[in-house]
Every structure is written in structure tokens, then in C-alpha cells.
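# Topology and contacts: notes
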Amino acid sequence: MRRIYISALLFIATALLTQWLVIKYVPYLVHAIAAHRVPQRNQWINNDKTDARMRRVVLPNPDFKYSALFYDVSEHDITITGTLPDSSYASVAFYNNRCQPYYVYNNLSPNRKGHFEFLISKNAVTGTKQLRPETNTGVIICRYLVKNDSSFNIIKTYQQQLACTVK
Amino acid sequence: MAILLSLCLMSRKLWIIVPLLAVITGFGIAAWRIARIDKSPAYRVYGSWRGTTNLALNQDDLVTTQVTLFALFALPSQEAVYLFAYADEKNKRLNGGRSYTIEGNIHNIKAEYWSITAYGRDLYLIPNQANRYSFNRENLKTDSLGNFKIVMSNKPADGNWLPVQKGKKFELVLRLYDSDKDFMEHLDKAALPVIKRI
């Protein structure tokens with residue numbers, strides 16, 4: 001009888017621990033898989049038109065052109081620069097290694113400027129627009145709304161202005 | 001389960017089988033909890049649509065995992081709100097074998113940019129020859145009062161035609177970017193587009 005009680009307790013404890021671990025660590029795993037598929041670090045990747053062939057990330061928005069940068073600031077700081085258009089929605093979103101956004105910058109607020117520059121560094125630096133990442137690795141995603149076919153090439157020029165400098 | 005339990009009790013290798021079964025059960029519980037995204041306290045129903053207007057930058061572990069798996073790299077609610085539709089107004093699952101309309105008025109959706117996109121059950125865009133996946137307030141054809149009707153069908157239709165795949169279930173996402181604050185606070189009373197089976 002004692003053996004059954006111990007087994008039951010062991011069963012419940014292991015099951016609860018397993019489900020907690022799965023829920024806690026799946027986002028890390030998803031990020032690790034995404035990062036593994038994209039070998040470039042600290043480099044912008046500009047996606048072309050979003051259509052049914054885009055099957056890397058679920059629920060892609062076909063009205064957007066996306067640019068992504070998988071960053072790693074474990075050894076070096078990075079500075080990202082770019083310009084967001086005034087006429088249509090665009091944003092830069094910073095995600096940690098749990099795929100959670102921790103900062104979003106967009107062009108909709110009246111006090112925002114089109115040009116942006118962020119220093120991403122673990123260490124405190126004065127005099128620069130600095131973003132201290134929650135984790136050493138993560139993703140930055142730029143979203144540009146493509147209003148119509150004629151604005152497609154204009155957005156492409158904005159994508160090409162994105163830059164990342166490793167310090 | 002009863003058979004497995006009996007096997008466990010009979011087996012001399014109880015110390016291997018019990019933890020193994022427990023791990024499998026743990027995975028099952030986790031999958032069950034993750035899949036119940038619509039049971040989240042933050043989840044609300046807004047007519048044909050459902051979702052949360054309260055997706056914050058730092059969520060608890062369960063919500064983080066749900067968002068990671070079902071809407072990877074989503075934006076927080078202060079930036080964008082995602083509402084989902086899986087069924088028509090009679091609560092029947094959306095199916096590409098049937099035709100539907102989405103009817104609404106662009107003036108009733110108070111957001112700087114919004115769109116309605118169709119996705120397959122795999123959460124990817126539905127391939128189609130017209131390369132049409134969504135409608136937004138810029139490309140939607142409306143009457144002079146701003147009323148619109150989108151036809152979702154596996155056969156071409158006049159006007160705003162959103163292709164879906166025959167015999168395959170699908171879902172819709174209504175995205176709202178930079179929404180009016182009052183509109184978001186009273187989203188339950190907003191006249192959001194209605195999905196009707198033809």
C-alpha cells in the first residue's frame with residue numbers, strides 16, 4: 001500500500017513539474033528554433049512581399065513588409081538606425097529571447113521622429129538613446145504598412161536604410 | 001489510462017514506468033492548458049470576434065506561451081489588437097466549402113489602420129491565384145456611406161472577394177492599429193463587422 005502512495009505522489013509531482021516546465025520554457029525553445037533557422041546575427045534581413053509562401057512565422061500580415069534582426073549583445077553592443085515613413089504605419093518592436101516584446105517604437109505619435117537610433121547595450125551608457133535588452137539575445141522586427149502596390153518600392157527603400165553597427 | 005495504471009501496478013519496473021507516465025501526463029496537461037487560449041480571463045467575445053484588448057508587454061508564463069505558439073511576435077495591445085473569428089453569426093465553424101459575407105461600415109472601426117485577413121487552420125495565409133489574403137480600410141470597396149461587404153468563397157465573386165480553400169476550415173483575424181481609446185474601452189458595444197453564411 002505504501003508503495004502505491006509513494007508512486008501516486010511521485011506521479012502527481014512529476015506531472016505537475018513537467019507541465020510547469022513545458023509552459024515556462026516553450027517560448028525559449030521557439031526562439032531558439034527561430035534563431036537556429038536564421039544564422040546571421042546583428043544583421044537586418046529584409047523580407048519581400050508577404051504572401052502565402054511566407055511560412056516562417058504564423059499569422060503574417062500580408063499588408064506589411066517585414067525586416068528582422070536577430071541580435072546578440074553578449075560580447076558587443078550594437079547600434080541600430082533607420083527611418084520610418086511618415087505617411088503610413090511603421091514600427092520597430094524589440095523582443096527578448098522568450099519572444100516577448102519589451103519595447104515598441106512607432107511613427108504614429110506626434111512627438112516621434114522618422115529617423116531612429118538605438119544603442120542596444122547591457123551596460124549603462126550616457127548621452128545616447130539606449131535600450132537595455134532584457135536578455136543578451138532576441139529579435140527586432142520592423143513592420144512597414146504597404147498601402148498599395150505603388151508604395152511597395154518606396155517601402156523597400158526604407159528597408160534598405162536599416163543598419164546595424166557592431167561596436 | 002486504467003490499463004496503463006494496471007500495468008503499472010503489476011510491473012516490477014514501477015520506478016521507471018510511473019515517472020514516464022507522469023511526464024507524458026504533464027505534457028498532456030500543458031498542451032490542454034495552452035490550447036484553452038479562449039478560456040483566458042482576459043479573453044472577451046465581441047460579436048463575431050473574440051480576443052483580448054489587454055495583451056501587455058510582460059504576461060504570465062501561460063499567456064506568453066499561448067501568444068508564442070498562436071501569434072508569434074505579436075505586438076502588445078497598446079500598439080495593436082488582434083481579434084479572431086472562427087465561426088459565423090450562428091456560431092457554426094467557418095468552412096471553405098461554404099460562402100460567407102463580412103458586412104460592416106468603415107466608420108464604425110475607429111483605428112488608424114485595420115485589416116481583415118483569412119488564415120488556414122495552420123495559421124498561415126491561404127494560397128490562391130488572386131494573391132488576395134486580406135482587406136483593409138485602404139483597399140476595401142465601399143458605398144458612399146462607408147458600408148462594405150466582403151464575400152468569402154472558394155469561387156471568384158464580384159467586389160471584395162476573399163478567397164478560401166474548398167473543404168478546409170479557416171479563421172479570420174481583425175487587426176486594429178492605433179485604435180481610438182474610447183472605441184477600445186467600449187469595444188463590446190462597437191458595431192464590428194458581422195460574419196454571415198450565404
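Residues numbered from 1 in each chain as written. Chains lettered and ligands numbered in written order. Predicted model: local features only at pLDDT ≥ 70, side-chain atom pairs only at ≥ 80, totals over all residues.

Taken together, the contact pairs 42 residues of chain A with 48 residues of chain B. For the side of chain A that touches chain B, the secondary structure elements donating two or more residues are helix H1 (2–37), strand E4 (90–95), strand E5 (101–106) and strand E8 (137–145) of chain A. Top contributing element to the side of chain A that touches chain B by residue count: H1 of chain A, with 15 residues. Split by residue class, the side of chain A that touches chain B holds 27 nonpolar, nine polar and six charged. (Contact = placed C-beta atoms within 7 Å. Helix = DSSP H or I, 4+ residues; strand = E, 2+ residues; numbered from the N terminus. Nonpolar A, V, L, I, M, F, W, Y, C, P; charged D, E, K, R; others polar.)

Next up on the list: the domain arrangement of chain A. All names here are of chain A. The domain boundaries assigned to chain A delineate domain 1 (1–37) and domain 2 (44–166). Counting from both sides, the interface comprises five residues of domain 1 and, opposite them, five residues of domain 2. Tallied by class, the residues present in the side of domain 1 that touches domain 2 amount to four nonpolar, one polar and no charged. (Domains from an automatic or database assignment.)

A few words now on the packing of H1 of chain A against helix H3 (residues 61–70) of chain B. Here H1 of chain A crosses H3 of chain B at 35°, and the two axes come no closer than 8 Å. The handedness of the crossing between H1 of chain A and H3 of chain B is left-handed. In contact with Ile-23, Lys-24, Val-26, Pro-27 and Val-30 of chain A of H1 of chain A, H3 of chain B contributes Asp-61, Leu-62, Thr-64, Thr-65, Thr-68 and Leu-69 of chain B. (Axes fitted to C-alpha atoms, helices over the stretch in contact; angles between N-to-C directions. Left-handed = near helix turned anticlockwise from the far one by under 90°.)

All names here are of chain A. Counting buried residues along E8, seven of its nine residues qualify, which places the element largely inside the surrounding structure. Pairing of strand E2 (residues 64–72) with E8, which is carried by nine bridges, proceeds in the antiparallel orientation. Its bridge partner lying in E8, Phe-70 is registered against Val-139. Two elements, E4 and E8, share six bridges in a ladder whose sense is antiparallel. From the neighbouring strand, Ser-91 faces E8, where its bridge partner is Arg-143. (Buried ≥ 20, exposed ≤ 12 C-beta atoms within 10 Å, placed from the backbone. Pairing = 2+ DSSP bridges.)

Attention shifts here to the nonpolar core. Membership of the largest hydrophobic core comes to 66 residues, with the highest contact counts inside it found for Tyr-82, Ala-118 and Leu-174 of chain B. Once you skip the residues sitting within four places of it in the chain, Tyr-82 of chain B turns out to touch Gly-51, Ala-71, Ala-74, Val-173 and Arg-175 of chain B. (Core = buried A, V, L, I, M, F, W, Y, C linked by C-beta atoms within 7 Å.)

The next subject is H1 of chain A. All names here are of chain A. Counted at 1.5 Å a residue, the expected span for H1 with its 36 residues is 52 Å, and the 50 Å between its end C-alpha atoms agrees. Considering bend angle alone, the principal kink of H1 is centred on Tyr-25 and spans about 45°; proline Pro-27 follows within four residues of it. All of the buried residues in H1 are Ser-7, Phe-11, Ala-15, Thr-18, Gln-19, Val-22, Ile-23, Val-26, Pro-27 and His-31. (Expected span 1.5 Å × (residues − 1). Bend = angle between axes of the 7 residues up to and from the residue.)

This part covers the sheet that holds strand E10 (residues 194–197) of chain B. All names here are of chain B. Strand order in this open sheet of four strands is E8-E7-E4-E10, and the pairing throughout is mixed. Unpaired on one side and paired on the other, strand E8 (160–163) and E10 mark the two borders of the sheet. Geometrically, the sheet is characterised by an average inter-axis angle of 25° between neighbouring strands, direction not taken into account. Here strand E4 (residues 100–105) pairs with strand E7 (residues 147–153) via six bridges, running antiparallel. Looking across to E7, one finds that Asn-105 is bridged to Asn-147.

Turning our attention to the domain arrangement of chain B. Frequently, the measure chosen for interface size is the accessible area removed from exposure when the parts meet. What the domain assignment reports for chain B is domain 1 (2–34) and domain 2 (39–197). Put simply, the middle of domain 1 of chain B and the middle of domain 2 of chain B, counted by C-alpha atoms, are 40 Å apart.

Turning our eyes to something else, we now look at the sheet that holds E5 of chain A. Residue and element names in this part refer to chain A. Strand order in the open sheet formed by five strands is E1-E2-E8-E4-E5, and the pairing between neighbours is antiparallel. The open sheet has two edge strands, strand E1 (44–46) and E5, and neither has a second partner. Shown here is a sheet whose adjacent strand axes are inclined to one another by a mean of 15°, direction ignored. Pairing between E1 and E2: three bridges, direction antiparallel.

Right, let's talk about the environment of Tyr-124 of chain B for a bit. Mapping Tyr-124 of chain B onto the fold places it in the loop between strand E5 (111–120) and strand E6 (134–136). A tally of 18 C-beta atoms within 10 Å means that Tyr-124 of chain B is categorised as partly exposed.

The residue Met-184 of chain B is located in helix H4 (residues 181–185) in this model. If we ignore the near neighbours within four places in the chain, the residues touching Met-184 of chain B are Thr-53, Val-81 and Ser-179 of chain B.

Residues and elements named next belong to chain B. The phi torsion at Phe-73 lies on the positive side, around 60°, for a residue other than glycine. In this fold, Phe-73 is placed in the loop between H3 and strand E3 (80–85). Its identity as a non-glycine residue notwithstanding, Asp-178 has a phi of 50°, on the positive side. A tally of 18 C-beta atoms within 10 Å means that Asp-178 is categorised as partly exposed.

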